[in-house]
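For reference, the chains in residue letters:
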Amino acid sequence: MNPTPRQVSVPNPIEATKQYPYTRGLDYLRRRSREHVAIADALTHTLPPEMLAGPIFALCDYGAGFGDLCVAVLQSLSRRRPMQAGSIVDVVDLDPRLLAYASEALGACGYSARKLTPKTFHQQSRRYQLILASHVLYYISDRPAAVADLAQRLTRGGQLAVILRSDACDTYSIRSAVRNAPSVVPPEPGRPRLRVADVEGMLRSVGLYPRTEQVIATFRVPVSDVRHRDLYSADPSTDATEFIRFVGHIPTTTNARSSAASAVEQELAARLDGDSYTFRIATAVVTGSTDVAA
Ligand SMILES: C[S@@+](CC[C@H](N)C(=O)[O-])C[C@H]1O[C@@H](n2cnc3c(N)ncnc32)[C@H](O)[C@@H]1O
């Protein structure tokens with residue numbers, strides 16, 4: 001059975017809701033844990049052989065950031081299929097500096113990428129065998145419409161891979177503790193948090209068949225690298241400090257700071273293990289396939 005995805009007409013649903021402030025923290029996690037390599041492997045091992053067989057491969061990384069996940073996916077894919085001349089890699093991001101960075105990172109690995117903004121992405125109609133949407137749905141106001149829009153860009157047999165922190169991730173519990181601290185206003189009041197089950201539901205509703213894998217990284221941050229005072233600053237002095245800010249979505253406004261501080265310190269104390277803080281970073285890789293058998 002190879003059903004065609006339900007076509008939903010959405011003119012241009014993907015728009016900026018806010019700039020992402022924690023990319024440096026995520027980058028620190030990725031560089032030190034090689035989590036992206038495990039995610040890339042989990043993802044490419046679910047791809048059906050037919051997808052890997054054709055001469056041309058087209059991949060889009062929507063919300064590519066630094067492009068390191070895209071690089072890891074291409075490297076993992078190239079172990080299963082040669083990337084032939086004419087294969088296409090499109091990186092899409094709101095931030096032109098990140099687009100430049102991502103295309104340079106891809107170029108250094110031998111992949112020539114087109115840089116697209118959400119606007120230029122919508123001005124072209126290319127279809128892709130694989131679309132990555134990694135840690136980007138959180139920032140999009142109408143998530144179901146964005147998923148429908150990306151699903152429309154799949155080739156027959158193509159896959160949309162949505163990557164998100166799972167509910168079992170320390171980021172989830174620490175962010176909840178910080179949000180629930182008295183007088184902390186959640187960064188986006190009233191917006192529901194994105195859960196794996198929501199993503200699976202969105203994929204199903206556009207005719208894609210979801211399949212979920214979890215990737216769990218145990219990640220250690222040396223205590224000596226964390227500047228506790230800087231945890232409540234918008235521009236902390238070390239990458240490790242920015243990482244903890246990312247893990248907790250720590251607010252910087254004065255009235256929220258003292259309230260958040262005790263929640264953060266409690267969460268850190270619970271994860272102190274010798275001279276490091278240990279975090280369990282659980283990521284879900286939810287692939288939606290146009291093909292039930294994939
Ligand atoms: C958390 S980063 C994830 C980066 C990368 N996908 C990864 O997993 O490492 C989120 C990225 O999405 C981009 N972004 C946010 N909203 C977007 C939108 N509406 N359209 C395209 N990109 C967006 C941000 O600029 C940022 O680079």
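Predicted, not measured: the structure shown is a model, and the values here were computed from it. (Residues numbered from 1 in each chain as written. Predicted model: local features only at pLDDT ≥ 70, side-chain atom pairs only at ≥ 80, totals over all residues.)

Draft legend 1. The arrangement of helix α1 (residues 23-33) in detail. Every buried residue belonging to α1 is among Gly-25, Leu-26, Tyr-28 and Leu-29, and all of these are buried. Summarising the axial view, the buried residues of α1 lie within an arc of 155°, below the 170-degree limit, and thus occupy one face. Tucked inside the fold, the buried residues of α1 contact α2 (35-44), β6 (209-222), α10 (239-248) and β8 (276-289). Within two residues after α1, Arg-34 carries a phi angle of roughly 60°, on the positive side. (Buried ≥ 20, exposed ≤ 12 C-beta atoms within 10 Å, placed from the backbone. Helix = DSSP H or I, 4+ residues; strand = E, 2+ residues; numbered from the N terminus. Arc of directions from axis to C-beta. Contact = placed C-beta atoms within 7 Å.)

Draft legend 2. Broad picture of the packing of helix α7 (residues 143-151) against helix α9 (residues 196-205). In the contact formed by α7 and α9, the axes pass within 9 Å of each other and the chain directions differ by 50°. For the element pair α7 / α9, the angle class is oblique. The interaxial crossing formed by α7 with α9 has right-handed handedness. Only Met-202, Leu-203 and Ser-205 of α9 make contact with α7, whose side of the interface consists of Arg-143, Pro-144 and Val-147. For the contact of α7 with α9, the class distribution of residues is 4 nonpolar, 1 polar and 1 charged. (Axes fitted to C-alpha atoms, helices over the stretch in contact; angles between N-to-C directions. Parallel < 35°, antiparallel > 145°, perpendicular 65-115°, else oblique. Left-handed = near helix turned anticlockwise from the far one by under 90°. Nonpolar A, V, L, I, M, F, W, Y, C, P; charged D, E, K, R; others polar.)

Draft legend 3. Inspection of the packing of α2 against helix α4 (residues 68-78) at higher detail. It is at 8 Å that the axes of α2 and α4 come closest, and there the two elements cross at 50°. In this view, α2 runs oblique relative to α4, as classed from their interaxial angle. The crossing of α2 and α4 is right-handed. Listed contacts from α4 to His-36, Val-37, Ile-39, Ala-40, Asp-41, Leu-43 and Thr-44 of α2 are Asp-68, Leu-69, Ala-72, Val-73, Ser-76 and Leu-77.

Draft legend 4. Structural context of α10. Of all the 10 residues making up α10, 9 are buried; the element is thus mostly covered by neighbouring parts of the structure. Within the sequence span of α10, burial applies to Ala-240, Thr-241, Glu-242, Phe-243, Ile-244, Arg-245, Phe-246, Val-247 and Gly-248. After α10 finishes, the residue His-249 shows a positive phi value of roughly 45°.

Draft legend 5. Structural context of the nonpolar core. In this structure, Cys-70, Ile-131, Ala-133, Leu-160 and Ala-161 are the most contacted members of the largest nonpolar core, which totals 57 residues. Per-element tally for this core: the top contributor is α4, with 7 residues. Not counting residues up to four positions away in its chain, the partners in contact with Leu-160 are Ile-131, Ala-133, Leu-150, Ala-151, Leu-154, Leu-203, Leu-208 and Gly-288. (Core = buried A, V, L, I, M, F, W, Y, C linked by C-beta atoms within 7 Å.)

Draft legend 6. Local environment of the environment of Leu-74. Note that Leu-74 resides in helix α4. Sequence-wise, Leu-74 and Cys-109 are 35 residues apart; in three dimensions their C-alpha atoms are separated by 9.3 Å.

Draft legend 7. Summary view of the pairing of strand β4 (residues 128-134). A large share of β4 lies buried, amounting to 7 of its 7 residues. Bridge count between β4 and strand β5 (residues 154-165): 6 bridges; the pairing is parallel. Residue pairing for β5: Ile-131 is matched across the bridge by Leu-160. The parallel pair β4 and β5 is bridged by α7, and the resulting crossover is right-handed. (Pairing = 2+ DSSP bridges. Right-handed = clockwise from strand over helix to strand, strands pointing away.)

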